[in-house]
Each structure stands twice: as C-alpha cells, then as structure tokens.
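Spelled out from the first residue to the last, the chains are:
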Amino acid sequence: MKTLKQVKVGETAKVVKLHGEGAVKRRIMDMGITKGVEVYIRKVAPLGDPVEVTVRGYELSIRKADAEMIEIE
C-alpha cells in the first residue's frame, strides 16, 4: 500500500482509498480529497511537515499523519 506521504515533490497521484475513522476521515473528505481525485505534491516544509498539495484546483496543506491515511496509486 502506497500512501500520499511517500509521494515526491512534483509528482501527481490518484487517491484510491481513505483510511481512518469518523471525524478525521470526514475532515479529509471535506477538504476535497476523495476517491478518484488527482493530488499534485507542490512542496514539503523544511522539517517535512506539513505537505502542500494541489487538489481540485486549489492549494491545501495537510499533516504527514493525515497524508498516511490517504492510499494512492
């Protein structure tokens, strides 16, 4: 299983599945990260957290802990 955390800067990945439960999963989905959407990795902060991504035409910063819950292909 490959997660969004493992994707390098400048790469695009397609979301396959969201892991996690309840409020955490709901928050990720509310940000526009749902099954089948393309996610482009824009930047990674100097200390590695958070990760800046482009999804559905807007920029979004997500924590590494949340990125680990997003399974990609």
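The structure presented is a predicted model; accordingly, all values stated were derived computationally and were not measured.

## Section: the pairing of strand β4 (residues 51–55)
Part 1 of the argument: The element β4 is largely enclosed, with a buried count of five among its five residues.
Part 2 of the argument: Here β4 shows two buried faces, one formed by Val51, Val53 and Val55 and the other by Glu52 and Thr54.
Part 3 of the argument: Of the pairings in the sheet, the one linking strand β3 (residues 38–44) to β4 comprises five bridges and is antiparallel in character. Its bridge partner lying in β4, Val39 is registered against Val55.
Part 4 of the argument: Linking β3 back to β4 in an antiparallel pair, the connection comprises six residues, with Gly48 at a positive phi of about 95°.
Part 5 of the argument: Here five bridges tie β4 to strand β5 (residues 58–62), and the two strands are oriented antiparallel to one another. Residue pairing in the sheet places Val51 in a bridge with Ile62 of β5.
Part 6 of the argument: The hairpin turn running from β4 into β5, its antiparallel successor, is two residues long, and Arg56 in that turn takes a positive phi close to 55°.

## Describing the pairing of strand β2 (residues 12–18)
It is a general feature of regular strands that their side chains alternate between the two faces of the sheet.
Part 1 of the argument: Relative to β3, β2 runs antiparallel, the two sharing three bridges. By the bridge assignment for β3, Ala13 is matched with Val39.
Part 2 of the argument: Where β2 lies against strand β6 (residues 70–72), three bridges are found, and the strand directions are antiparallel. Looking across to β6, one finds that Val15 is bridged to Ile72.

## Quick notes on the pattern of salt bridges
Part 1 of the argument: The final tally for this structure, using the stated rule, is six salt bridges.
Part 2 of the argument: For Arg26, the salt bridge identified is with Asp30, shortest N-O distance 3.2 Å. Placement of the pair is Arg26 and Asp30 together in helix α1 (residues 22–30), with a separation of four residues, close to one helical turn.
Part 3 of the argument: Judged by relative accessible area, Asp30 falls into the exposed class, the value being 56%.
Part 4 of the argument: Close ionic contact of Arg42 with Glu52 constitutes a salt bridge, the shortest N to O distance being 2.9 Å. Of this pair, Arg42 sits in strand β3 while Glu52 is found in strand β4, placing the two residues 10 residues apart along the sequence.
Part 5 of the argument: Bridged by salt links that share partners, the residues Arg27, Arg63 and Asp66 form one connected network.

Parameters at a glance
Residues numbered from 1 in each chain as written. Predicted model: local features only at pLDDT ≥ 70, side-chain atom pairs only at ≥ 80, totals over all residues. Heavy atoms only, no water. Buried < 20%, exposed > 50% of the residue type's maximum accessible area, 1.4 Å probe, protein only. Helix = DSSP H or I, 4+ residues; strand = E, 2+ residues; numbered from the N terminus. Pairing = 2+ DSSP bridges. Salt bridge = Lys/Arg side-chain N within 4 Å of Asp/Glu carboxyl O.

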